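# Secondary and tertiary structure notes
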Amino acid sequence: GAVVSQHPSWVICKSGTSVKIECRSLDFQATTMFWYRQFPKQSLMLMATSNEGSKATYEQGVEKDKFLINHASLTLSTLTVTSAHPEDSSFYICSAQQGWKNIQYFGAGTRLSVL
Amino acid sequence: GQNIDQPTEMTATEGAIVQINCTYQTSGFNGLFWYQQHAGEAPTFLSYNVLDGLEEKGRFSSFLSRSKGYSYLLLKELQMKDSASYLCAVRNRGSTLGRLYFGRGTQLTVWP
């Protein structure tokens, strides 16, 4: 399968600071990437769809000014959590679509802890 | 959203066979996916079905019946490492750029 790299895998930050998470497709180009959030023992919650060269599409209830998404190239999308607060602590996972079946391949995830 | 239903938990013993069911209600069906997720890790792709029938891949097989809105994931010769959450996901023709709708996941525990 295709390889998606996500960094960092784990980050601790102070409340009020911003954190950037990178998602890269290593061996393929991805016009579309997705950002998810997952709480313990729950399923994936789609936050936004990231489109190369255009604005991201956010799901209802997700603040686009708080979760900034940039998809500047066909292999890289970034999610910036701005002015992070403890309630933003979560497991963030990205995915990229590959092939004619548009199968989503996931990055390893980023565990964010906001103190 | 879409209505995707799968059991919350299942248990089985090593070497056995287990079937994880998934039912869905959606318009404009355009594919069903199964993912495996170990605790604290991201999901890994297992299978994709868009036509009716059985897709076999090693110890894992996935079945789809579009008319019944039903799929199952069959795991044979269970191993301890198969203990994980199994996510069923559906894609619609109208889905924004291919977004998936995930079920809540089935936590499978394999006992020795």
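Up top you'll find the structure we're talking about.
These lines cover the structure that appears in this document, whether it is placed above or below.

Thresholds, definitions, all that
- Residues numbered from 1 in each chain as written.
- Chains lettered and ligands numbered in written order.
- Predicted model: local features only at pLDDT ≥ 70, side-chain atom pairs only at ≥ 80, totals over all residues.
- Heavy atoms only, no water.
- Pairing = 2+ DSSP bridges.
- Helix = DSSP H or I, 4+ residues; strand = E, 2+ residues; numbered from the N terminus.
- Axes fitted to C-alpha atoms, helices over the stretch in contact; angles between N-to-C directions.
- Contact = heavy atoms within 4.5 Å.
- Buried area = accessible area lost by both parts, 1.4 Å probe.
- Salt bridge = Lys/Arg side-chain N within 4 Å of Asp/Glu carboxyl O.
- Polar contact = N/O pair within 3.5 Å; in protein donor to acceptor, adjacent residues only side chain to side chain.
- Disulfide = S-S within 2.5 Å.
- Buried < 20%, exposed > 50% of the residue type's maximum accessible area, 1.4 Å probe, protein only.
- Phe/Tyr/Trp six-rings, centres within 6.5 Å; stacked < 30°, edge-to-face > 60°.
- Lys NZ or Arg CZ within 6 Å of the ring centre and 35° of its normal.

Moving on, we get to the sheet that holds strand β3 (residues 18–25) of chain B. What holds strands together in a sheet is hydrogen bonding between their backbones, with the strands either parallel or antiparallel. Residues and elements named next belong to chain B. Pairing is antiparallel in the open sheet, where 5 strands are placed in the order β1-β3-β8-β7-β6. The two strands at the open ends of the sheet, each matched to only one other strand, are β1 (3–5) and β6 (53–57). If you compare each strand with its neighbour and ignore which way they point, the axes differ by 15° on average. Looking at chain direction, β3 and strand β8 (residues 70–75) are connected through 6 bridges and run antiparallel. Opposite T23, over in β8, you have Y70 as the bridge partner.

Moving on to the interface of chain A and chain B. With 24 residues of chain A at the contact, the number on the chain B side is 19 residues. Between chain A and chain B, the buried area comes to about 1600 Å², and carbon and sulfur atoms account for 58% of it. The tally of links between chain A and chain B comes to 1 salt bridge. For E59 of chain A, the salt bridge is made with R99 of chain B, and the minimal N-O distance between the two is 2.5 Å. Connecting chain A to chain B are 6 residue pairs in polar contact (both at pLDDT 80 or more). For the side of chain A that touches chain B, the secondary structure elements donating two or more residues are β4 (32–38), β5 (45–51), β9 (90–98) and β10 (103–106) of chain A.

As a further point, take the state of the cysteines. This model, assessed by the stated rule, comprises 2 disulfides over all chains. One disulfide in the model links C23 of chain A with C94 of chain A; its S-S distance is 2.0 Å. Here the disulfide of C23 of chain A and C94 of chain A is right-handed, its torsion about the S-S bond being about 80°. Taken together, the residues span a long stretch of sequence, with C23 of chain A in strand β3 (residues 19–25) and C94 of chain A in strand β9 at a distance of 71 residues. As far as burial versus exposure is concerned, C23 of chain A and C94 of chain A are alike and both buried. Put simply, C22 of chain B and C88 of chain B are joined by a disulfide, and their sulfur atoms are 2.0 Å apart. Between C22 of chain B and C88 of chain B, the S-S torsion sits near -70°, and that sign places the bridge as left-handed.

Turning next to the pattern of salt bridges. Residues and elements named next belong to chain B. In the structure shown here, the tally under the stated rule is 6 salt bridges over all chains. Put simply, E56 and K76 hold a salt bridge, and the shortest N to O gap is 3.8 Å. On the criterion of sequence distance, the pair formed by E56 in strand β6 and K76 in the loop between β8 and β9 (84–92) is long-range, its members being 20 residues apart. Classification of E56 as exposed rests on a relative accessible area of 57%. Overall, the relative accessible area of 28% leaves K76 in the partly exposed class. The salt bridge involving D82 is made with R59; its shortest N-O contact spans 2.8 Å. With D82 in the loop between β8 and β9 and R59 in the loop between β6 and β7 (60–65), this pair connects stretches of sequence that are 23 residues apart.

Applying the stated rule across the entire model yields 14 aromatic pairs over all chains. Each ring, one from Y24 of chain B and one from F29 of chain B, has its centre 5.1 Å from the other, and the planes form 20°; the classification is stacked. Classification of F29 of chain B by relative accessible area gives buried; the value is 15%. Between the aromatic rings of Y35 of chain B and F45 of chain B, the centroid separation amounts to 5.9 Å while the plane-to-plane angle is 70°, which identifies the pairing as edge-to-face. Taken together, the residues span a long stretch of sequence, with Y35 of chain B in strand β4 (residues 29–37) and F45 of chain B in strand β5 (residues 44–49) at a distance of 10 residues. A relative accessible area of 22% places F45 of chain B in the partly exposed class. Three or more aromatic residues joined by ring pairs make a cluster, and in this case those are F34, Y36, Y105 and F106 of chain A together with Y35, F45 and F102 of chain B. The residue whose ring lies beneath R111 of chain A is F91 of chain A, and the NZ or CZ to ring-centre distance is 4.4 Å. The residue whose ring lies beneath R99 of chain B is Y101 of chain B, and the NZ or CZ to ring-centre distance is 4.0 Å.

Another point: unusual backbone geometry. Residue and element names in this part refer to chain A. Cis geometry marks the peptide bond from H7 to P8, where omega comes out at -5°. Within the secondary structure, P8 sits in the loop between β1 (4–7) and β2 (10–13). Here N102, not a glycine, exhibits a phi torsion of approximately 50°, which is positive. Within the secondary structure, N102 sits in the loop between β9 and β10. A relative accessible area of 33% places N102 in the partly exposed class.

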